Amino acid sequence: MIISECEIENITTLEELESLRQHLLGKDGLITKEMKGLSTLSIDKKKQKGQEINVLKDRLVSAIKRQKGVIEDQLLQKELEAQRIDVTLPGRKRHQGRQHPLTWGMEWVKNYFSLKGFDTQTGPDIETPFYNFDALNIPSHHPARQSHDTFYVNNDLLLRTHTSSVQIRAMEMQKPPVRLISMGRVYRSDALDMTHSPMFHQIEGLVIEPGIHMGHLKGLLLSLFKDFFDNPQLSIRFRPSFFPFTEPSAEIDISFDEKNWLEMGGCGMVHPNVLENMNIDPTSHQGFAFGLGMERLLMVKHKMTDIRRLIGC
Ligand code: FA5
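The rules behind the values
Residues numbered from 1 in each chain as written. Predicted model: local features only at pLDDT ≥ 70, side-chain atom pairs only at ≥ 80, totals over all residues. Heavy atoms only, no water. Pairing = 2+ DSSP bridges. Helix = DSSP H or I, 4+ residues; strand = E, 2+ residues; numbered from the N terminus. Axes fitted to C-alpha atoms, helices over the stretch in contact; angles between N-to-C directions. 1 Å grid on protein atoms, 1.4 Å probe; cavity = no way out; pocket = protein on both sides within 12 Å on 5 of 7 lines; lining within 4 Å. Points joined across faces, edges and corners; volume = space filled by probe spheres on them. Nonpolar A, V, L, I, M, F, W, Y, C, P; charged D, E, K, R; others polar. Core = buried A, V, L, I, M, F, W, Y, C linked by side-chain atoms within 4.5 Å. Buried < 20%, exposed > 50% of the residue type's maximum accessible area, 1.4 Å probe, protein only. Contact = heavy atoms within 4.5 Å. Phe/Tyr/Trp six-rings, centres within 6.5 Å; stacked < 30°, edge-to-face > 60°. Lys NZ or Arg CZ within 6 Å of the ring centre and 35° of its normal. Parallel < 35°, antiparallel > 145°, perpendicular 65-115°, else oblique. Left-handed = near helix turned anticlockwise from the far one by under 90°.

**Description of the sheet that holds strand S5 (residues 178-187)**
Sheet architecture is open: 7 strands sit in the order S1-S5-S6-S10-S9-S8-S7, paired in mixed fashion. Each edge of the open sheet is held by one strand with a lone partner, namely strand S1 (119-121) and strand S7 (235-243). Across the sheet, the mean angle separating the axes of adjacent strands is 25° when strand polarity is ignored. With 8 bridges connecting them, strand S6 (residues 199-209) and strand S10 (residues 286-293) associate as antiparallel partners.

**Focus on the sheet that holds strand S3 (residues 152-154)**
Spatially, the 3 strands line up as an open sheet ordered S2-S4-S3, and their pairing is antiparallel. Bordering the open sheet on either side are strand S2 (126-127) and S3, each of which pairs with just one other strand. Here S2 runs beside strand S4 (residues 157-159); their pairing, made up of 2 bridges, is antiparallel. By the bridge assignment, Ile126 is partnered in S4 with Leu159.

**Concerning the layout of surface pockets**
In this structure, the largest pocket spans a volume of roughly 640 Å³. Lining of the largest pocket is provided by 36 residues; of these, Arg188, Gln202, Phe243, Glu263 and Gly266 occupy positions nearest its centre. When contributions to the lining of the largest pocket are tallied by element, the ones reaching two or more residues are helix H7 (143-147), S6, S7, strand S8 (246-255), strand S9 (261-270), S10 and helix H11 (294-301). In the lining of the largest pocket, the residues fall into 14 nonpolar, 15 polar and 7 charged.

**Re the nonpolar core**
Counting residues in each nonpolar core, the largest one holds 37 residues, and the members touching the most others are Phe113, Leu221, Phe225, Phe290, Leu292, Met294 and Leu297. The biggest single contributor to this core is helix H9 (residues 214-229), with 7 residues. Beyond its immediate stretch of four places on either side in the chain, Phe290 contacts Phe113, Ile203, Glu204, Gly205, Leu217, Leu220, Leu221, Gly266 and Cys267. Grouped together as the second largest cluster of nonpolar side chains are 21 residues, Tyr131, Ala135, Val274 and Ala289 included.

**Notes on the packing of aromatic side chains**
For the structure on display, the rule yields 10 aromatic pairs. Seen from their ring centres, Tyr112 and Phe113 are 5.4 Å apart, and the 85° between their planes marks the pair as edge-to-face. Overall, Tyr112 belongs to the buried group, its relative accessible area being 9%. Ring geometry for Phe130 and Tyr131: centres 5.0 Å apart, planes at 80°, overall edge-to-face. Overall, Phe130 belongs to the partly exposed group, its relative accessible area being 41%. Following the ring pairs from residue to residue traces out a cluster consisting of Trp104, Trp108, Tyr112, Phe113, Phe118, Phe225, Phe228, Phe229 and Phe290. The ring centre of Tyr131 lies 4.0 Å from the NZ or CZ of Arg169, which sits over that ring. Taking the ring centre of Phe228 as reference, the NZ or CZ of Lys301 above it sits at 5.4 Å.

**Notes on the packing of H9 against H11**
Geometry of a packed helix pair, given as the angle between the helix axes and the separation of the axes. Direction vectors running N to C along H9 and H11 enclose 50°, while the axes themselves pass 10 Å from each other. If you check the angle between H9 and H11, you find them oblique. Handedness of the crossing formed by H9 with H11: right-handed. Across the interface between the two elements, Phe225, Phe228 and Phe229 of H9 pack against Met294, Leu297, Leu298, Val300 and Lys301 of H11. A class-by-class count of the residues in the contact of H9 with H11 yields 7 nonpolar, no polar and 1 charged.

Structure (structure tokens):
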């Protein structure tokens, strides 16, 4: 006996098994050599020895095949064991992006005013001094021009300091009655602090209709704040103020603790000079306008005391 079946069953790796197969059954293997040796024997012996070798060969081939199956099964089991997953474990949480509060706020405001019949208009971030200042009753010598710390691109272009520039642009394209809002980025060379950012977002509103007055403006803004904040604890105050493009003018403050007021925006009745710049007769038409800081509205809504948390600085 060259090797017993029992010895084959003790082999544990495919490599070992293959080298044994070569050793026994390969081109120069023991069984092959035995077969070659038959030629030297007599016919009777050849027949008998040939049969013995074939029986042995068959047994070895089947034993090797059987053991190959056993080893392959073991390897498969090992692999399955290594890849075993516990399907009862809770799934991994994926961090999904969320809408930025500013995007949410702009959408909310747009939908709110659209339901009240307001159109949404846009204007360029890079403006001329005419639309940003002159047409809004702020001539070059006017001190209010200095109060807006303006980023100039060159003598003829600047980064708009407020969305009020859209008022004039829009009125060049349409005639009263007008109800419009405009929202977007505005720029001022303000220091970055708890309530100021050099780039922020404004919501501009303009209504021009005969017979419009401050009461309509106040009512509209109060209902906007009531719906936007949904918080009866908030105090809202209108404080007399000055803007060259509105007369009378007011600033709107909101407080949630009765001590610290935060300015939300400015508003007022459109100045007759501005109506004339829009080719509207101030004796037959009146208008009101407002400009609100979007970041400030969101600071109050989300009780954030620092604007930098909102804009990610
Ligand atoms: C204006 O910009 C006027 N155009 C508003 C207006 C429009 C008045 C129409 C009358 C009629 P003011 O400079 O106050 O006004 O800015 C309006 C609001 O923008 C402020 O009340 C504040 O909420 C916000 N704001 C102003 N500067 C900053 C800043 N640097 N960072 C964040 N928010 C600001």
